[in-house]
Structure formats: structure tokens, C-alpha cells
Amino acid sequence: MARRDVDVLLLGREGNARFVSGATRLWLAGTRPFAPGCVVVRETGAVHLMSVTDAGVPAEVPTRQLYPMSWNPANIVETVSAIPGVSGARRIGVDALTPLFEQLFAARLPDAELADGEAVMRAVRRVKTQAEIECIRAAISVAENALGAAVDALRPGVRESDLKGVFEERMCRLGATTPAFEGAFCVVDGDGRVRRFVSDRAVADGDLVAMSAGVLVDGWEGSLARTWPVGTPAAEHHDRRARWQSAWARAVDRCRSGLRVGELRTTPGLSLHGVGLGYEGLEDAAVLEPGTTVQLELEAAGVLGGDTLLVGADGAELLTAFPYGPGEE
Amino acid sequence: MVELDLARMRRERHRKIVDTLDAEGVGAAVLLGQAAVAYAVGARSPAADAARAAHERAIAVVTSDGDAPHVYTSFSEGVPPELPADHVHPAVAVEWPEGAAVLADVLPDGPVALDEYTMPLHAVLRDREVADATALLSACKVVKTADELECIRRAQSINEDAMLAVEPRVEPGVRGTELSGAFLRRIFELGATGNTVDPIWQVMPPRIADGPYSATGDVVFPTPTTNRRLAAGDVVWVDTGIDYEGYASDFGCTVVVGGSEARHRDQATRWREIVDRCLDVLKPGASAGDLVRAAQAGESRRPWLPHLYLAHGIGTNSAEMPLVGTDLGIQFDDALVLAPGMVLVFEPVVWDDGDAGFRAEEIVAVTDDGYEYLSARDGGPRG
């Protein structure tokens, strides 16, 4: 905050709030409109949190730093403005905004200039500590176990939607009740684009099924993508896998410290973004540095595969270790 | 009840937005919130954690000239079939200045309404006249069409059926996480398109003072899921919600592990009386304030949670207008006049400090002369 000349951060994005507070709040799917649910004051170093209770809130955020939720944006702005250090702030970082909150801030905090708080948080969150990497590993372990349950269920007659249910049931049995995203468990038709929404289609012997799924464990994301055959793989499956594998190996090899993200994104079918406390944005101009964790996914030859990579000084370490197909390590 | 026609539903919603834009003199609505995009276009994106949903968001631009909406999305398979191909565009990454500039370039001149900014979008629209689209959209969303009501009914039905599969498992020794697993598996078997909220199985303390800390001094709910095993006699407040064709369900009930006793049944009866008092006054022309007063009549404490509401609407958001009994205040409630097509999820709370309490949810739609249940469960939720 000091380096970016920001006096106060008003954070609405849950991942940002979780990063600074460590708090677990109720998980809801989808985007949420901006409201300042977490406040960081540079002058006092204090983190304040919108929560009616301390359940799920670490002891480092004492109850006097909790403020109640409200349906009235004017009340929220009033409460937040009363936090020590906020009303005197010159530059306030917000991670998103709505026209209504912009108006209310202007009226209540007329001397403050609004700055891009998301850019501040992105920079702070990008390089992971060892402890954070362990959290990601723990989440990946749950995701891999749950994907294993889906692969075990991959028999003729099972519906795509059932596979999604099997994945989430196993995830919950392992103690995590929040998916990182709605899993895809979709039969691949020809060389066409892999579907991302499951249907009630039953898989048949000889089908290839593209699976992409993830979990959040204490907010940390573990996710991966694999394409497996139903029954015994045909020669055509081996051929596709081989084509995917060679493109994949090249992409992984390029994913090392010093690479500009935009360069890798020119590869057809490839997606790359940061991963940690959920999805983390990586701009095209970002340069990978040691300690960055990224989610790399490649769709090629009707095969979808993806892993979590930890960027090191000499290449990347695969944090995911699930087999790419039957009989593989 | 109607034969569900999704294309008609989308057409009618779009018309409402166009008419509202026209009436407000706004050239376009620029919608970034996923519930807003679901409403305006019917385009589907995968249900995802908030950060992923933000980065992979679909964006809708609805113009006041009545032309078909434009949608910018990575998930073209989620776009309704009737949308012209030249109105379906690749996603624009408004988390970055380049993407924000692309979006700014396609907006018509003059005032526009926007629901939320990313900071790069805020920067490129700095010199534009931008109204808040949330209120504008809320005015469209608050009254549901017959097709929308049918979507909510179906979402609710899947949610309730899944709970029927879970209820027998609620016994001493089971963990809330296992119940979540059984629930999530079942909703997808039953055809849900997504899960919208981490299922809640909260064990309530007998007294508020038994903790956890309460900033309001009143009952704390909800708290995060834990791995705690349920024990006989635990009073568990359940709350779940799923998605069907963009519409949310909401199912809440109270379960006493090992079976309820007379005092629990008494609380459930009092909860029923509160909801019935509200339903007695519920008809077009009544205000949200009338519901608030009906709920409070004869009660020694306010019978709902002060940080939440007596009732809320539901649609493409799991809680939307009409909000009843919030800290928006009684004047707001009195000004909110109920009309046919509005949906209300009542969630009062009966609390006897020392004996915990009872909370459940009941979902109805306002009709021309009263209300109808959107729940398939006779007589509302079970205790």
C-alpha cells in the first residue's frame, strides 16, 4: 500500500478479503456486485471485516474490527467511513465499484481519490509463500481424489450430469463443500470444441470424456483437467493423446521464469491464469517469476488437459499428478 | 401453471428492459453481473467461485432501440439459440485496460446504465454519463412472468426432492460435509444446472450468549460449514439453494437430530402462525410494511434476523427485490407495494433463548387475488 501510495483498501472481492483477513465467509457461486466487505487501513495496519460473527474469523481480526452487513449501501458507507483512518484517507483503493457506491463515496469521503485496489492485491498475491503452496497442494489432493471417483464411475450408461455429482460428493466426503467451478464432464464429439456444460447424455463404450473440475479447500484452489476413454482406449484415442501430449510438453517447457504470459497465450487452445485463493488474474504483460502458481490448460485434438504449475528458476514443477489416461502415471 | 417456454421468457424479459431504458432516457444497459446477464440475455456461464466468475464473465449490452441484445462470452454453447450470430461476440477481458477499451468502444453515445465497474472499465468510462443499472434492472426483475415462475417452481422442486434424499441421513454421528455431498450429488442427478450456495447445516446454540460472538446481539446465522459430527438433540438450521435455467431456489428448514420434542414442535407451530399472519394480508396492493406489521403482531421480539429480512424475492439472484424487513427501514417497506408476479421467500425465526429456535423458509408468488405456493411441499417446510 505504501509503495502504491494507497492509504486505505476497500475490498469487495472475496479472494482479496480472504487474503488479508484469513476469514471464511459463506460461499456463493457467481459474481457479486461490489460492496466494501473488508477494509485495510495503512496507518493502523488494521483489517476490518463485514461479518455479524467471529465464527470463521481468525483471532488476528478482533471482534471490535467486525462490522455488520447491511442491505442499505448508505449505511455501509457510513459504517466504513467511521473506521479509524478511513475518513482522513487521501487515496482509497477499491477492487471494483458500482456507480451507486462511487456516488456515496464521493458524498461521504469527498477528499479521497479512488485508486485501483485490485492491481495492488494482484501484485501482493502473485508470488506464493511455501505455506501457501502447501495449501494449494492440499486442495489439489482433494481435487485429484474426487476426479478419481469420477473416473471410477466412467462406465457405459452413466450420465454426464451424474459424473459431476460423483465428483462433488467425493469432494464433500473429503471435507470440502465448495467447488472452484462447475465441473465439465463432457463426451468429446470428433475434433470439435470440448463442451463445458454437462448434459444428461449417457456415456458409451469407446467415448472420450473431457473432465475439468476443481475444489476450494479453505479458499485455496485445486483443479485439473483430463480426458479419459470409456472402456478400452481405441487406437484413435492413443493418436489424439499423442498429439495433445507433444503440444502440452512444449507449453509446459515454455512455462518458466522470465516468460511473458501473452507469448504463451498465442498457442491455439491454450489458457493460462494464476491460481491461489481461487482464480487469479495474469495480464498478458505479466512476466512469470519464481513462486508464481499458474493453471495451464490445453485443448488440442479433441483432448482437454490441465495442471497446476509452480514456476521455479529453472522451469516449472507440476503440482498435479493425476494420470493422463488409463495405465499411465 | 404454464408450459415452460424459455424463448418466450427471454423475449418478455428483454422487452421489459428495453421499455425501462426507453422510459429512463438511457441508451443502453451494460451488464457485468452474472445474474443480470442471465436475466437480460439468458446466456449461461458455469457456476463458479466469485473470482473465476469475474474473470470469465459474460457481458450483455441491451440497447433501447429494441434490437436483440449483444453478448460477449467465452461460453458460446450457453447462448440462447435465437440470438443472431452477429450479436454473439468473443469475451472481452474487462479486468484489463485493453478489454475495457473494447467494451467502451461499442457503447452508444449518450447516457448508459451500468451495474458494476472493474477498475479498468471505471478508468475508460470516466468521462461518460453512467447511471446505476441495478435499480433499473431490479424494477424489471421484481415482477416475474409465468415462465419465470415456472423456472423457480422447478428449481424449488429439485431442491426439495434432493432434501428428501438427505433427510434420512441426518442422524447422530453424521457430518454436515457428508450431508452436503449427498445433497450435491442428488441435485445434479435431478437436473439442476448448478449449486448456488455452500449448503448450510448449522448447529444452533441453546442461548445466543453460548456463542459465537454476535455483532447484532441477536442470533448468528449462517456460519461456515465445519466437519463437526452432529449429535442427538442438536438443533440444525438448514439452508440450501440451487440453480435451474438461471433461476435460484431457496430451501430452509430446522431439523432436530434424533427427533424433535414438544418444545421444538411448539416453536414450529409459532413459526407457522407468523407466516400465516403474513399470508393472510398478502395480496396485490398490500405493502411490505403490512407484512412486517403482521409478522410482528403480538411478538415480544422481532421474529426475524436483524441483519437479514423477514422475506426476500428470488429470481436470477438468490435474494432480490422485494426485500421485506431489512435495514432499508419501515418507510422503504411501506413504499414497496406488492403486485401479482412478485415472489416472496418468508424466513421468520422463532427464538427462545435457552431452547434455541426454529427457522424455515416458505416460497410463494403473489397472484391477482392473493398468493400461490411455489413449493411442492404441502403446508410448507417441515420442522
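Source: prediction; values computed, not measured.

Here is what the cut-offs are and how they apply
Residues numbered from 1 in each chain as written. Chains lettered and ligands numbered in written order. Predicted model: local features only at pLDDT ≥ 70, side-chain atom pairs only at ≥ 80, totals over all residues. Heavy atoms only, no water. Helix = DSSP H or I, 4+ residues; strand = E, 2+ residues; numbered from the N terminus. Buried < 20%, exposed > 50% of the residue type's maximum accessible area, 1.4 Å probe, protein only. Contact = heavy atoms within 4.5 Å. Phe/Tyr/Trp six-rings, centres within 6.5 Å; stacked < 30°, edge-to-face > 60°. Lys NZ or Arg CZ within 6 Å of the ring centre and 35° of its normal. Buried area = accessible area lost by both parts, 1.4 Å probe. Salt bridge = Lys/Arg side-chain N within 4 Å of Asp/Glu carboxyl O. Polar contact = N/O pair within 3.5 Å; in protein donor to acceptor, adjacent residues only side chain to side chain. Nonpolar A, V, L, I, M, F, W, Y, C, P; charged D, E, K, R; others polar.

All names here are of chain A. Tracing the backbone shows Asn16 in helix H1 (residues 14-21). Assessed through its relative accessible area of 2%, Asn16 is described here as buried. With sequence-adjacent residues up to four places away left out, Asn16 is seen in contact with Leu11, Asp95, Glu118, Met121 and Arg125.

The next thing to look at is the packing of aromatic side chains. In total, this model carries 13 aromatic pairs over all chains according to the counting rule given. Ring centres 5.9 Å apart and planes at 90° place the aromatic pair B:Trp237 and B:Trp351 in the edge-to-face group. Of this pair, B:Trp237 sits in strand E9 (residues 235-240) while B:Trp351 sits in strand E16 (residues 349-351), placing them 114 residues apart in sequence. For the residue pair B:Trp237 and B:Trp351, the accessibility class agrees, reading buried in each case. Positioned over the ring face of A:Tyr324 is A:Arg226, at 4.1 Å from the centre of the ring. Its end group placed over the ring of A:Phe197, B:Arg44 keeps NZ or CZ at 4.1 Å from the ring centre.

Across the boundary between the two partners, chain A contributes 66 residues, which contact 70 residues of chain B. Taking both partners together, chain A and chain B bury about 5600 Å²; carbon and sulfur atoms supply 59% of that area. The largest share of the area that chain A buries against chain B comes from A:Trp71, A:Phe197 and A:Tyr279, three residues that together contribute 15% of it. Counting the contacts that link chain A with chain B gives 4 salt bridges. The partner of B:Arg185 in a salt bridge is A:Glu169, and the shortest N-O contact between them spans 2.7 Å. Taken together, the links from chain A to chain B amount to 26 residue pairs in polar contact (both at pLDDT 80 or more). No other element matches the 10 residues that helix H6 (residues 160-173) of chain A contributes to the side of chain A that touches chain B. Looking at the side of chain A that touches chain B residue by residue, the class counts come to 26 nonpolar, 20 polar and 20 charged.

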